[in-house]
Amino acid sequence: MPVVCRLRKTTGVLKDKDAYFVEPMNYTLINSDALLQYVEQNFQTHGGQVLSAVYSVVKQMVAFLQNGHRVQVPGLGIFSIKMKGDVVRDGDGVLQLENAKYAGINFTPDKAFSRQMWNTKFVLSSHNAPLVYSQLDDDQAMEIVHRLCDKQGEFLIQEFGTAAQCSRTYARKMLNQLVEKGKLVKTGGRFRLPQQP
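Calculation notes
Residues numbered from 1 in each chain as written. Predicted model: local features only at pLDDT ≥ 70, side-chain atom pairs only at ≥ 80, totals over all residues. Heavy atoms only, no water. Salt bridge = Lys/Arg side-chain N within 4 Å of Asp/Glu carboxyl O. Helix = DSSP H or I, 4+ residues; strand = E, 2+ residues; numbered from the N terminus. Buried < 20%, exposed > 50% of the residue type's maximum accessible area, 1.4 Å probe, protein only. Axes fitted to C-alpha atoms, helices over the stretch in contact; angles between N-to-C directions. Parallel < 35°, antiparallel > 145°, perpendicular 65-115°, else oblique. Left-handed = near helix turned anticlockwise from the far one by under 90°. Contact = heavy atoms within 4.5 Å. Pairing = 2+ DSSP bridges.

In this section: the pattern of salt bridges. According to the stated counting rule, one finds three salt bridges in the structure shown. Close ionic contact of Lys 183 with Asp 138 constitutes a salt bridge, the shortest N to O distance being 3.3 Å. Taken together, the residues Lys 183 in the loop between helix H6 (168-180) and strand E8 (185-187) and Asp 138 in helix H4 (residues 138-152) connect sequence positions 45 residues apart. Where Glu 154 meets Arg 190, a salt bridge forms, and the shortest distance between an N and an O atom there is 3.6 Å. Here Glu 154, found in the loop between H4 and strand E7 (155-156), pairs with Arg 190, found in strand E9 (residues 190-192); they are 36 residues apart in sequence, far enough to count as distant. On the basis of relative accessibility, which here comes to 27%, the residue Arg 190 falls in the partly exposed class. Several salt bridges share partner residues, and in doing so they unite Asp 138, Lys 181 and Lys 183 into one network.

The following block contains the structure:
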């Protein structure tokens, strides 16, 4: 089954250049429970065993990554840690590291995994190209947030962008503003509503 894509007309500096871009339309999030069910059905493997193995692999990966190693997961790829930090000179002029913190994960797919992905087919949902949203107010954004959270509890930037029909860059900016205002909580790359008291 092909991945459904849509055309989008750009705005901003490219607005008058008749420029377009294409993006995949994501369906709902396949959560861990659903994934395990599919694995059980399609590969005759017990979901509990798969989950136990995944948890064990993740715990060991975290230990290695936090010690500066890169980690190769068979059939999936290589993971390494990203960081942020400031380099400053101390009173003696010696370079020092300050505010060092975790900043995400680098992932390089396994070659066999990538080769399988090259077989992905794409199809347009429409030959029309709507304009990308240039402005959403908080109320409009929160309406979309509530819809996504009601359906799946939490969501990704791309899922918000798809629902709001806006670019990924604008979606990220809007969601980060809502986090700063305390209307959303961000955990890793996912967003959810704050816990009610």
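Contact pair H4 / helix H5 (residues 157-164): the axes reach a minimum separation of 10 Å and the direction vectors enclose 120 degrees. Looking at the two axes, H4 sits oblique to H5. As H4 runs across H5, the sense of the crossing is right-handed. In this structure, H4 contributes Ala 141, Ile 144, Val 145, Arg 147, Leu 148 and Gln 152 to the contact, and H5 contributes Glu 159, Phe 160, Ala 163 and Ala 164.

As defined by bridge partners, strand E4 (residues 77-89) adjoins strand E5 (residues 95-109) across 12 bridges and the pair is classed as antiparallel. Within the sheet, the bridge partner assigned to Gly 77 lies in E5 and is Pro 109. Hairpin connection, E4 to E5: the antiparallel pair is bridged by five residues, and Gly 93 has positive phi, about 80 degrees.

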